[in-house]
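# Inside the fold
Take a look at the letters that make up each chain.
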Amino acid sequence: MNNKILIDKDVKYAIKNKQPIVSLESTLISHGLPYPLNIEVAKKSIKVIKSTGSLPATIGIIDGYIKIGLNDEDINILAKKKNVQKISRHNIALAMKKNSYASTTVASTMMISSLVGIKVFSTGGIGGVHRNSQKTYDISSDLIELHRKNMIVVSSGAKSILDIFKTNELLETLGVTKIGYKVDNVPGFWCRKTNLNVDLKINNLQELLKIIENRNLINQNGSILIYNPVEKKYSIKNNDIEKWINKAQKKAEKYKIKGKELTPYLLKEISELSKGKTIKANMSLIINNAKLAGKIANKMNKILWKK
Ligand code: PSU
Ligand code: MN
């Protein structure tokens, strides 16, 4: 590659030999979850991916270097350090300078994954159209990147703090295919179900393989979203979630929190209002998604490296 991008040696070997790899983002380490739970989740995600026979590659920026395959020390830094920058497409190259420590969102993790040929990525909840977007115009560039890149992205839906309906519509406009893993409805991140339908429910990965074959036949671009809902025992009632979100949203407006600070602010406020319930759900779903992504990367390996 070049000397601004450091690839872990196992990841490098796996890329060279076209082995199954799953990339992971680092914003949920620096901004999504509190210390030390963020480290726990980052490490457990890595472990479960390995257990499926795929290789994990967490992505972030360490002292100005884009790193693909963060080690324990890197993860500790992003988990503990104050002022880690949250970077997306618009500012990623600006973080490639000395003393810069930055975490990648869904959008920037997809950019870097695609750069080196990694095809499967796992996260908790994707970004999307924010509530009140008619006023704020706040729409995550995660959606545009899902349109631009050809990846399989596993998540538990768009984060509940978003306008799920608008997010779903925009995903459709952008040509992103939404597939429910064993579910008919789009999951709502902290809850298992919204009233929106997925494009297709699959019950096994063989069905996904067929879909990818057909996409390849028509040379289709754009990503596939695999929706994997939060486990029943951690899922939270819709009414409770809405109550907390409204409260947090009002507070954010009062303190004029906006732009890239908004998502982390709301997640933190809501975790307090929920007495930690949303954190438990978030942790569980991130790890489960990593596991499913590992299985997908393994099963689809041959066909994914073809394109
Ligand atoms: N999923 C989580 N926690 C997070 C995020 C996702 O469970 O913190 C991050 C992702 O990195 C996602 C970002 O890309 O939030 C979206 O931020 P924004 O709305 O500013 O684009
Ligand atoms: Mn935003």
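Each remark here, short or long, concerns the structure printed above.
Read on for an overview of the structure. (Residues numbered from 1 in each chain as written. Chains lettered and ligands numbered in written order. Predicted model: local features only at pLDDT ≥ 70, side-chain atom pairs only at ≥ 80, totals over all residues. Heavy atoms only, no water.)

What follows deals with unusual backbone geometry. Following Y35, the chain continues into P36 via a peptide bond in cis, with omega recorded as 0 degrees. Tracing the sequence through the fold places P36 in the loop between α2 (27–32) and α3 (37–51). Phi at N219 takes a positive value of approximately 55 degrees, unusual for a residue other than glycine. The residue N219 is located in the loop between α9 (205–217) and β11 (224–227) in this model. (Helix = DSSP H or I, 4+ residues; strand = E, 2+ residues; numbered from the N terminus.)

A separate point is the site of ligand 1. Residues in close proximity to ligand 1 total 17 residues, the closest being E25, K86, S140, D142 and K159. Between ligand 1 and the protein, one listed contact pairs an oxygen atom with a side-chain N or O atom of E25 at 2.6 Å. Taken by itself ligand 1 offers 480 Å² of open surface, and the protein chains cover 94% of this. Put simply, the parts of the chain that give the shell around ligand 1 at least two residues each are α2 and α11 (262–273). Counting residues per element, the shell around ligand 1 draws most heavily on α2, which supplies three residues. Split by residue class, the shell around ligand 1 holds four nonpolar, nine polar and four charged. (Near = heavy atom within 4 Å. Polar contact = N/O pair within 3.5 Å; in protein donor to acceptor, adjacent residues only side chain to side chain. Areas by Shrake-Rupley, 256 points an atom, 1.4 Å probe, with all protein chains shown as cover. Nonpolar A, V, L, I, M, F, W, Y, C, P; charged D, E, K, R; others polar.)

Each pair of aromatic rings is reported with the distance of its centres and the angle of its planes. Considering all chains together, one arrives at one aromatic pair under this definition. Aromatic side chains F189 and W190 sit 5.3 Å apart centroid to centroid with 40 degrees between the ring planes, which places their arrangement in the tilted category. With relative accessibility at 1%, the residue F189 sits in the buried group. The exposure class assigned to W190 is buried, which follows from its relative accessible area of 2%. One residue, K81, lies across the ring of Y101, its end atom 4.8 Å from the ring centre. (Phe/Tyr/Trp six-rings, centres within 6.5 Å; stacked < 30°, edge-to-face > 60°. Buried < 20%, exposed > 50% of the residue type's maximum accessible area, 1.4 Å probe, protein only. Lys NZ or Arg CZ within 6 Å of the ring centre and 35° of its normal.)

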